Amino acid sequence: MSSALFVAIGAGIAVLTGIGAGLGIGKATGSAVDAIARQPEASGKIQSSLLLGCALAEATAIYGFVIALLIILFLK
């Protein structure tokens, strides 16, 4: 098999980290909305925790994207 095929497969697998990040952010947002609906006075603390968690989850997706780009650019 061609090495270009393996590069494409590796990059595709690296980009799949975005799926986990999307699912995690969706679940976190849903839980935060439920928590704010139950205790509106705690919305500030909930919102700051939500933003921190979403940033960490999004960083995982960005790392996967960067790894995919590195695989494509340097393993041709």
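Reference entry: report on the structure contained in this document. (Residues numbered from 1 in each chain as written. Predicted model: local features only at pLDDT ≥ 70, side-chain atom pairs only at ≥ 80, totals over all residues. Heavy atoms only, no water.)

### Details of the overall build of the protein
A tally of helices and strands in the protein yields 3 helices and 0 strands. In sequence order, the protein lays out its α and β elements as α-α-α. In terms of principal-axis extent, the alpha carbons of the protein reach across some 60 × 15 × 5 Å. Buried positions account for 17% of the 76 residues belonging to the protein. (Helix = DSSP H or I, 4+ residues; strand = E, 2+ residues; numbered from the N terminus. Buried < 20%, exposed > 50% of the residue type's maximum accessible area, 1.4 Å probe, protein only.)

### Side note on the packing of helix α1 (residues 3-15) against helix α3 (residues 43-74)
For the pair α1 and α3, the least separation of the axes is 7 Å and the interaxial angle reads 170°. Taken together, α1 and α3 sit at an angle that is classed as roughly antiparallel. Between α1 and α3, the residues in contact are Val-7, Gly-10, Ala-11, Ala-14 and Val-15 and Gly-64, Ile-67, Ala-68, Ile-71 and Ile-72, respectively. Its residues assigned to classes, the contact of α1 with α3 comprises 8 nonpolar, 2 polar and no charged. (Axes fitted to C-alpha atoms, helices over the stretch in contact; angles between N-to-C directions. Parallel < 35°, antiparallel > 145°, perpendicular 65-115°, else oblique. Contact = heavy atoms within 4.5 Å. Nonpolar A, V, L, I, M, F, W, Y, C, P; charged D, E, K, R; others polar.)

### Remarks on α1
Helix length check: α1, at 13 residues, gives a terminal C-alpha distance of 19 Å against a target of 18 Å (1.5 Å per residue), a fit within 8%. Of all the positions in α1, only Val-7, Ala-11 and Ala-14 are classed as buried. Buried residues of α1 fall within an arc of 60° about the axis and therefore sit on the same side. For α1, the exposed residues set more than 90 degrees away from the buried face come down to Phe-6 and Ile-13. Where α1 is buried, its residues contact α2 (17-38) and α3. (Expected span 1.5 Å × (residues − 1). Arc of directions from axis to C-beta.)

### Remarks on the packing of α2 against α3
Look at α2 against α3: their axes get within 8 Å of each other, and the N-to-C directions meet at 175°. In terms of axis orientation, α2 runs roughly antiparallel to α3. Note on element contacts: α3 touches α2 through Ser-43, Ile-46, Leu-50, Cys-54, Ala-57, Glu-58, Thr-60, Ala-61 and Gly-64, opposite Thr-17, Gly-18, Ala-21, Ile-25, Ala-28, Thr-29, Ala-32, Ala-35 and Ile-36. Residues of the contact of α2 with α3, tallied by class, amount to 11 nonpolar, 6 polar and 1 charged.

Everything listed here is a matter of coordinates, which is why it stays silent on function.
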